[in-house]
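Commentary on secondary and tertiary structure
Chain residues, written in single-letter form:
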Amino acid sequence: MTDVSALRERLVDVLRDDGGLTRDDLIQAFASVPRELFLADGFHLGDAGFLRPGDEGFLAGAYRNDALVTKFDNGRPVSSSSQPSLMALMIEELSIAPGMRVLEIGAGTGYNAALMAHIGADVTSVDVQPDVAARAARALREAGVTGARVRVGDGYLGDPSGAPYDRIIVTVGITGVSPHWLAQLVPGGLMLAPVAHAGNNPVLRVWAEAARRRAEPGWPATDDVWADGVCGAGFMAAAGPLAARYPWAHPDPIRVPDGVTASVQIPPRWPQALDGLRYHDLWFAVGAWDRRATGGPFDGGSGCVLVDETRAGGAAIRADGSILAAGEHAAEYADDAGILLDRWLDAGRPGIERWRAPLVLAGDPAAPIYVPREWSLIR
Ligand SMILES: C[S@@+](CC[C@H](N)C(=O)[O-])C[C@H]1O[C@@H](n2cnc3c(N)ncnc32)[C@H](O)[C@@H]1O
């Protein structure tokens, strides 16, 4: 076995062990598609910095179960290859079968498109950045993938030339869903999209009753579009109308300035911190119940905060249930955070998959998007 096949096998083992990868054909895809070809201009990997083909650690890094940033603009990540476990989970959740027409929004490196093509899908992938799209198209060619094509354009418009699609997969963080996608989806088709919620981009399953009922695809009635929670995730933000703000959106994630110290500290609720998945369940619920919820940096990662109007104070809810609050209204924010924690516990610690929201049109009136209105627990 060559080094690279050993690395691919190891990646497959990791993806199987974490439970997201079960389909044999998708296992074959991860074991065969050369991720390094889709990273030919290099990627950023933590302390190792930017790695290019031939650099020490390049191949090992390419087969880590990590999101790998491939392009920066003024220090801001603007393109990447998503985390393989998230790709596996989304592809499996979409039940993609051979012959299905799939629209991907956010081609990035083209690796995800290649995986879907490997299991027999006919993939159209759109990216707004011409250089990124060209690089993805080149990688697909070099990898010998024939079932996927890349289009340059704003994904807001989808790609009518390949419609209708059986499946739509959005791999860039959006604040709402384009009506064009619903119009380009077959009745009964499935769509997954990472829609902004409390400073994160959890993956949602989006469906439209009207589009299902109609023989002719068309824009569905506003009260007929719904989203169900699937899993927690983080994605880089989309460009254009897909990232429009709307009045009841959560605040943008905060960067707590140096020197902010907690004046209120409430001790942990649990002896052991929640694992990442359960913490995202709690975070989602806090966001569903409270519009002040967003993401903030703490404990070496990002976590759930209720932010006050100064954006320098509020309350942070940690994975062990402890609360840290700062700012003029620290005590009040700590109380509110405690009430939200109790509410989540009393509701039986619901997971993200237990939430549903109707979607309504908002954002840029010239290019509206469907955004979640009120989240409710189902089941
Ligand atoms: C996380 S990357 C996609 C990862 C990719 N699917 C892969 O696996 O390699 C997000 C991509 O979305 C693209 N993007 C951002 N806004 C967009 C938009 N409005 N329409 C289409 N693509 C967009 C970015 O240029 C970026 O390449």
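Here goes a summary of the coordinates provided. (Residues numbered from 1 in each chain as written. Predicted model: local features only at pLDDT ≥ 70, side-chain atom pairs only at ≥ 80, totals over all residues. Heavy atoms only, no water.)

**Regarding the pattern of salt bridges**
Using the criterion set out here, one finds 17 salt bridges in the structure. Ionic pairing is found between Arg-23 and Asp-25, a salt bridge with its closest N-O pair at 2.7 Å. Each member of the salt-bridge network shares a partner with another, and the members are Glu-93, Arg-205, Asp-228 and Arg-356. (Salt bridge = Lys/Arg side-chain N within 4 Å of Asp/Glu carboxyl O.)

**Quick look at the sheet that holds strand 16 (residues 323-326)**
The strand order across the open sheet formed by five strands is 12-16-15-14-13, and the pairing between neighbours is antiparallel. The open sheet has two edge strands with one neighbour each: strand 12 (264-266) and strand 13 (293-298). Going across the sheet, the axis of each strand differs from the next one's by a mean of 30°, ignoring polarity. When strand 15 (residues 314-317) meets strand 16, the two strands line up antiparallel, connected through four bridges. Within strand 16, the residue paired with Ile-317 across the bridge is Ile-323. Together, strand 13, strand 14 (301-307) and strand 15 form the strand contacts of helix 9 (residues 276-289), whose direction differs from that of strand 14 by roughly 25°. Most of the contacts of helix 10 (residues 330-346) go to strand 16, to which it runs at about 150°, and overall it touches strand 12, strand 14, strand 15 and strand 16. (Pairing = 2+ DSSP bridges. Helix = DSSP H or I, 4+ residues; strand = E, 2+ residues; numbered from the N terminus. Axes fitted to C-alpha atoms, helices over the stretch in contact; angles between N-to-C directions. Contact = heavy atoms within 4.5 Å.)

**A closer look at unusual backbone geometry**
Residue Pro-164 follows Ala-163 across a cis peptide bond; omega there is 0°. Residue placement: Pro-164 occurs in the loop between strand 7 (148-152) and strand 8 (165-170). Despite not being glycine, Ser-95 has its phi angle at roughly 45°, a positive value. In this structure, Ser-95 sits in the loop between helix 4 (84-93) and strand 5 (101-105). The class for Ser-95 is partly exposed, based on a relative accessible area of 40%. Residues other than glycine seldom take positive phi values, yet Arg-349 does so here, at roughly 50°. (Buried < 20%, exposed > 50% of the residue type's maximum accessible area, 1.4 Å probe, protein only.)

Note that all results are geometric; they support no functional claim without further evidence.
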